[in-house]
Amino acid sequence: MDVYSFLEAVREKQPLVHHLTNWVTIYDCAQVVKSFGASPVMAHAPEEAADMAGMASALVLNIGTLTVDFIESMKIAGRAANSRNIPVVLDVCGAGATPFRDRKSLELLDEIRISVIKGNGSEIARIAGRDVRTRGVDASDVEADLRVIAATLAKERNCAVVITGKEDIVADSERMYIVRNGNEMMSRVVGTGCMAASVIGTFVGASPNTPSAAAAAGLSCFEIAAELALEKAGGPATFKQLLFDCIYNLSENDVAAMQKVGQ
Amino acid sequence: MDVYSFLEAVREKQPLVHHLTNWVTIYDCAQVVKSFGASPVMAHAPEEAADMAGMASALVLNIGTLTVDFIESMKIAGRAANSRNIPVVLDVCGAGATPFRDRKSLELLDEIRISVIKGNGSEIARIAGRDVRTRGVDASDVEADLRVIAATLAKERNCAVVITGKEDIVADSERMYIVRNGNEMMSRVVGTGCMAASVIGTFVGASPNTPSAAAAAGLSCFEIAAELALEKAGGPATFKQLLFDCIYNLSENDVAAMQKVGQ
Amino acid sequence: MDVYSFLEAVREKQPLVHHLTNWVTIYDCAQVVKSFGASPVMAHAPEEAADMAGMASALVLNIGTLTVDFIESMKIAGRAANSRNIPVVLDVCGAGATPFRDRKSLELLDEIRISVIKGNGSEIARIAGRDVRTRGVDASDVEADLRVIAATLAKERNCAVVITGKEDIVADSERMYIVRNGNEMMSRVVGTGCMAASVIGTFVGASPNTPSAAAAAGLSCFEIAAELALEKAGGPATFKQLLFDCIYNLSENDVAAMQKVGQ
């Protein structure tokens, strides 16, 4: 896969990525989109969610700090995106932690046509109907084979499925990409998971005809930047700042030399 | 203009700046106020918005992530500020993007006496009744002459108008300041626009009798710090951290040597 | 006191710390917990607040950006925590600033069994029924003897009381710890107060049988990291980033050599 060509598409098209996301990491979701050269917008009022989604290139929904009203706004935005064939990325952040979160995740999946479902192993396993426990929003061990879960869910829901982790799995009904970039420090930083969903939205917004390839390329770029950032970081916080800087400065040479996307 | 004298007033008076602001950038709005030596407070419950505004030196309203309820709290705070002659800064963040946003901006302008309206070119043009399109919250090309728009709106609304951009325009009904500090990296960072509104609130809070001069001086200081920050920054995220540090350390010599405020 | 043993307990047990906190500093509250090696979770919907609190090792409530609905969610989470003997930390952020804030703080104290009440001098004095004025959320001079206030309130409310400041006072009904680590730069950064409450939740979550000792140890570790961070910081923003890094890297030697916890 020519990962860099997807980054180039982002930088050229500068997609507008509308978010209804997590209040904890909302700033970082916006900044990661901007660092890639695209435009973030966050707007959740029911009176304008449809208008904003309708002018965007992608819509990112993240249930991390969900409420009933917030999910209703997500549905309004999602329906507007669907009616214009704008891709919708759903981060099922924290699925498995509470019944409320599971129920609302499934409501979104049933009522909105989702292009990419994204989560860590335990979150996606729960959405796929497997019985695993999520502990907060960190990944827990999941016994079942994640690749099988991803491929099966992708077929059932007719969408792409992304499971982030030591290796990232990106599956659609026909193919699977494995992204092996990144490092352990990413899991020491609050928000890298949410940022990954925003990155997927950014790349899918710029390359909407190949969502799974775009998602894999976006994750690879994000994680290559993380590898570069770690070289100079003294800990999780300087790492995060350098991550944004490295995303902003990411070169064709770095991407070509460092990309690890297999099938 | 003696820009430093306005910074000195901020550091001596340490104004309390009450915000009802954008959830995306709320932290940075608070930190920029504190870095200048003033005190931020954020409180939006309708039960306390008036009490908090009434004890502040300035009130900053930012509609970036507006809802109907949030705008109602802004009105409560705004009326309390008005009744005590506390200056109110309104950031019409994202005006032009949706009809809801335009309608609520105009409601605030009609119901609250605003001291300073602040936005980028397309946002202010929309508030002034010009037909331009805002794409998300980034500035778009605006054909009309921004200086004329600013001066006309300032007279119509009897307030100061600030249009941020490559040059910042600060107009009131009698005069105009042009601030030429700053750099392009500011536009690569989510939140510099919102921070600019908080900076204006801070400086107007310390020098309430000369709001347009205070706004221009505040923008100049903020952007001088941005120039100093860029010297050591590796990208947008380290730039933002250094920006806060440089604000905190801003010296009389730096301000005197670097200020670019014309008329 | 062997401060490091409490840090070791955090790193080994990795407590899940559930927050209903301030929207301004919510990211930093999460990141400080994670930097210490524990797991943060933020969830405020009334439909899941009890479920999330019930699986946590500690619950942190911070009223910084309270609303009526948010306080109701805090009560739901608090009752769930109480029913399972999960320690609850209450940061009375901004108490004294408005009557609404005072009333809601006292409601929480009356309806929920709180393990640790935390605030700065003027906030705690107000909660204790003393007549002092809070200016925004910064500490103001409080005439009354803070140690007496802390000890008296601890007895009245049968809990631990933490007053942060140049020296931190941690009192329960039987003893008092004084923490003398930290520095003035902490007060130049928005969020260090809120982070302190999250640190207390983290340490009390790992050592629930000795809440006052755990709180004192947590504050000492947090502030030792602040001392280390200041050595390389150029201002408040780089200081905050280095603070997280130093927390993440905090060694037994540093803690043993630098701890200043007296009685």
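Positions within a chain are numbered from 1, following the residues in the order the chain's sequence is written. Throughout, the order in which chains and ligands are written sets their labels, letters from A for the former and numbers from 1 for the latter. Two thresholds apply to this predicted model, a pLDDT of at least 70 for residue-level local features and 80 or more for giving and counting side-chain atom pairs, whereas whole-chain, interface and lining totals are computed over all residues.

1. Here's the deal with the overall build of chain A
Under the convention used in this document: Here a strand is any run of E in DSSP of at least two residues, a helix any run of H or I of at least four, and the numbering for each starts at the N terminus. As defined in this context, the radius of gyration uses C-alpha atoms, and a globule is described by 2.2 Å times the residue total to the power 0.38. The exposure label follows from counting other C-beta atoms within 10 Å of a residue's C-beta, where the C-beta atoms are placed from the backbone and the thresholds are 20 or more for buried and 12 or fewer for exposed, leaving partly exposed in between.
Helix and strand counts for chain A stand at 11 helices and nine strands. The C-alpha atoms of chain A give 16 Å as radius of gyration, which agrees with the globular expectation for 263 residues (18 Å, within 12%). Along the first, second and third principal axes, the C-alpha set of chain A runs to 45 × 40 × 35 Å. The buried share of chain A, reckoned over its 263 residues, is 67%.

2. A few points about the packing of helix 1 (residues 3-13) of chain C against helix 8 (residues 192-206) of chain C
All names here are of chain C. Defined as follows: Angles run from 0 to 180 degrees between N-to-C directions of axes, and those axes are lines fitted to C-alpha atoms, restricted for helices to the stretch in contact. Put simply, angles under 35 degrees are roughly parallel, angles over 145 are roughly antiparallel, angles from 65 to 115 are roughly perpendicular, and the rest are oblique. By the convention adopted here, residues make contact when the C-beta atoms placed from their backbones lie within 7 Å. Residues are grouped as follows: Ala, Val, Leu, Ile, Met, Phe, Trp, Tyr, Cys and Pro are nonpolar; Asp, Glu, Lys and Arg are charged; every other residue, Gly included, is polar.
Relative to each other, helix 1 and helix 8 sit at 80°, their axes nearing to 8 Å. In this view, helix 1 runs roughly perpendicular relative to helix 8, as classed from their interaxial angle. Taken together, the residues of helix 8 that come into contact with helix 1 (itself represented by F6, A9, V10 and K13) are T202, F203 and A206. Partitioned by chemical class, the residues of the contact of helix 1 with helix 8 number five nonpolar, one polar and one charged.

3. Examining the relation of the copies chain A and chain B
Note the threshold: Here the copies were fitted onto each other by least squares, based on C-alpha atoms from residues at pLDDT of at least 70 in both.
Note on the identical chains: chain A maps onto chain B by a rotation of 120° and an axial translation of 0.0 Å, with an RMSD of 0.0 Å. Such a combination of turn and shift is consistent with a three-fold rotation axis. Taking C-alpha positions as the reference, the residue of chain A nearest the rotation axis is W23 of chain A, at 4.3 Å. A low fraction, 12%, of the interface residues of chain A reappear at the interface in chain B, so the copies pair through non-equivalent surfaces.

4. Observations regarding the environment of Q263 of chain B
Inspection of the secondary structure puts Q263 of chain B in the segment after strand 9 (261-262). Using a count of 9 C-beta atoms within 10 Å as the deciding quantity, one classes Q263 of chain B as exposed.

5. Here we look at the interface of chain B and chain C
The interface is formed by 24 residues belonging to chain B together with 25 residues belonging to chain C. Every element with two or more residues in the side of chain B that touches chain C is listed here: helix 2 (26-35), strand 2 (39-42), helix 3 (49-54) and helix 10 (236-249) of chain B. Among the elements that make up the side of chain B that touches chain C, the one with the highest residue count is helix 2 of chain B (six residues). Taken together, the residues of the side of chain B that touches chain C sort by class into 13 nonpolar, six polar and five charged.

6. A few points about the confidence of the model for chain A
All names here are of chain A. Test applied: The predictor attaches a confidence to each residue, called pLDDT, with possible values from 0 through 100.
Here chain A averages 95 in pLDDT, and 95% of its residues register 70 or above. Low pLDDT (under 50) marks residues 138-143, which in the prediction has 14 contacts with non-local residues, meaning those over four places away or in another chain. Scoring the predicted complex yields pTM 0.95 and, for the interface, ipTM 0.94.

7. Notes on the sheet that holds strand 5 (residues 116-120) of chain A
All names here are of chain A. Here is the rule: Paired strands, in this sense, are two strands between which DSSP finds at least two bridges.
With mixed pairing, nine strands are arranged side by side in an open sheet as 2-1-3-4-5-6-7-8-9. Whereas interior strands pair on both sides, the edge strands pair on one side only; in this sheet they are strand 2 (39-42) and strand 9 (261-262). Examined bridge by bridge, strand 7 (residues 168-171) and strand 8 (residues 176-179) share four bridges and lie antiparallel to one another. Residue pairing across strands places A171 opposite M176, the latter belonging to strand 8. The strands touched by helix 9 (residues 211-230) within the sheet are strand 5, strand 6 (160-164), strand 7, strand 8 and strand 9, with strand 8 carrying the most contacts at an inclination of about 0°.

8. Details of the interface of chain A and chain B
Contact with chain A, which involves 24 residues of that partner, is made by 25 residues of chain B. Of all the secondary-structure elements, those providing two or more residues to the side of chain A that touches chain B are helix 2 (26-35), strand 2, helix 3 (49-54) and helix 10 (236-249) of chain A. Across the side of chain A that touches chain B, the residue classes tally to 13 nonpolar, six polar and five charged.

9. Looking at the relation of the copies chain B and chain C
Taken as rigid bodies, chain B and chain C are interconverted by a rotation of 120° and an axial shift of 0.0 Å, the fit giving an RMSD of 0.0 Å. In this assembly, only 12% of the residues forming the interface of chain B have copies in chain C that are likewise at the interface, indicating a heterologous arrangement.

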